[in-house]
Amino acid sequence: HSKSNGKNGISAYEKSMGEANKERNTLALELSQSIKNGELEVYYQLQNDTHTRAITGVEALLRWNHPTRGIVSPAIFIPIAEENGFICEIGDWVLKQACKQASQWSVPIKVAVNVAPRQLTDRDLPKKVHAILLETGLSPSRLEIEITESGIIADTALALHSIRQLKALGVKLAMDDYGTGYSSLFTLQNFPFDKIKIDREFIKEINTNKQSSAIVQSTLILGDSLDIPILAEGVETEEHLQFLSKQGCQEVQGYLFGKPMPNSNLVKILDDQAAKENNVAKLNRKPA
Ligand code: C2E
Ligand code: MG
Ligand code: MG
Ligand code: MG
């Protein structure tokens, strides 16, 4: 019980809690209108081969262009959407938008889409994904679903059922934020992952912190034994990249190669790459 020291017996604490709730409710209401109002946008962040630095794929990261607040972080609105159940509608929209845009890129790289716990327990998810793939013409192997451990814990049997159906379509599966949940090893044992993404918490101090480097190194050994490639998140410096490269990490994602960007920026990068590849091909075709 907090002490009543304000007017009407309401403490400053209670007052600020009341305001935070009001703010959350306002955001929730606005979020429920965001799709209809065209305020959602999918950004993309590059994923690169650790050794060649070539682009291997991108992760789709949702942005909310709020009419008065500017860009709202998904760290704020995704939890609100999860609480209110909008996450399924929003998640379906992201899947559709990402597959549609990916199907139009000039280089056939992979696109990874985050799928929330609630979406995994939507029995129609595999059907919806199948329909989106047919409609957009995106090759199933170019779509990678990212799930976190918390998503699986809610209803393991149902989640596993959905995942198996998705994998049967040819869709890839990645474990996101590896090491931050409380059942990483259980999840690894039971789910057919094609990739493990080490959380950026472990990468931050990889060059200076003994715990971080030990955790990353043992994860790389585990990935190697299981034949599952490892991607390191939050790679910000050349030092991070050097360490990961030496230790045999296959892929990286982070500010070193770029922040999440709008589709139009990505399209330019991929068009440039396609043009270069085309020139190299032409040069190679010329007789000596
Ligand atoms: P996540 O899936 O783990 O995505 C990676 C987050 O790390 C992104 O934050 C990205 O911008 C950030 N990041 C990437 N590289 C670096 C780096 O070098 N340094 C630092 N400091 N950060 C880096 P973002 O875009 O704010 O997204 C936060 C989280 O929101 C995501 O974490 C994901 O859990 C969730 N999220 C984003 N979009 C969606 C979506 O469409 N659906 C669902 N369900 N969740 C989403
Ligand atoms: Mg992710
Ligand atoms: Mg992550
Ligand atoms: Mg995360």
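The paragraphs below set out a description of the structure included in this document. Please read all numbers here as calculations on a predicted model, not as lab measurements.

**Looking at the overall build of the protein**
- Within the protein one finds 11 helices and 10 strands.
- By its C-alpha atoms, the protein is 90 × 45 × 40 Å across when sized along the principal axes.
- In the protein, which comprises 288 residues, the share counted as buried stands at 43%.
- Here the contacts in the protein between residues at least 6 apart in sequence split such that 69% fall between residues at least 24 apart.
- As displayed, the protein offers around 15,300 Å² of accessible surface, 52% of which is attributable to carbon and sulfur atoms.

**Describing the site of ligand 1**
- Among the 21 residues in the neighbourhood of ligand 1, the closest are listed as R63, D176, R200, E236 and Y255.
- A distance of 2.8 Å separates an oxygen atom of ligand 1 from a polar side-chain atom of R63.
- Take D177: an N or O atom from its side chain is 3.1 Å from an oxygen atom of ligand 1.
- Bound to the protein, ligand 1 loses 84% of the 800 Å² it would expose on its own.

**Here's the deal with the packing of aromatic side chains**
- Following the criterion strictly, the structure yields 3 aromatic pairs and no others.
- Where Y44 meets W105, the ring centres are 5.1 Å apart and the plane angle is 90 degrees; that geometry is what we call edge-to-face. Separated by 61 residues along the polypeptide, Y44 in strand β1 (residues 40-49) and W105 in the loop between α3 (87-102) and β4 (110-114) bring together distant segments of the chain.
- The buried category is assigned to Y44, whose relative accessible area is 0%.
- Ring geometry for W64 against F77: centres 5.7 Å apart, planes inclined by 80 degrees, an arrangement best described as edge-to-face. Taken together, the residues span a long stretch of sequence, with W64 in strand β2 (residues 55-66) and F77 in helix α2 (residues 74-84) at a distance of 13 residues.
- For F77, a relative accessible area of 0% gives the class buried.
- In this structure, R63 packs its charged tip against the face of Y43, placed 5.5 Å from the ring centre.

**As for the coordination of the magnesium ion (ligand 2)**
- For the magnesium ion (ligand 2), the protein coordination sphere consists of E59 (OE), N114 (OD1), E146 (OE) and D176 (OD), at 2.0 to 2.2 Å.
- Of note, the magnesium ion (ligand 2) draws all its donor residues from one chain, in the sequence arrangement E-x54-N-x31-E-x29-D.
- Between the magnesium ion (ligand 2) and the magnesium ion (ligand 3), both coordinated by D176, there is a metal-metal distance of 3.9 Å. Separated by 62 residues along the polypeptide, N114 in strand β4 and D176 in strand β6 (residues 172-178) bring together distant segments of the chain.
- Residue D176 is classed as buried on the basis of its relative accessible area of 5%.

How each quantity is defined
Residues numbered from 1 in each chain as written. Chains lettered and ligands numbered in written order. Predicted model: local features only at pLDDT ≥ 70, side-chain atom pairs only at ≥ 80, totals over all residues. Heavy atoms only, no water. Helix = DSSP H or I, 4+ residues; strand = E, 2+ residues; numbered from the N terminus. Buried < 20%, exposed > 50% of the residue type's maximum accessible area, 1.4 Å probe, protein only. Contact = heavy atoms within 4.5 Å. Areas by Shrake-Rupley, 256 points an atom, 1.4 Å probe, with all protein chains shown as cover. Near = heavy atom within 4 Å. Polar contact = N/O pair within 3.5 Å; in protein donor to acceptor, adjacent residues only side chain to side chain. Phe/Tyr/Trp six-rings, centres within 6.5 Å; stacked < 30°, edge-to-face > 60°. Lys NZ or Arg CZ within 6 Å of the ring centre and 35° of its normal. Donors = N, O, S within 2.8 Å, 3.2 Å for Na, K, Ca; no water.

That is the geometry; function is a separate question.
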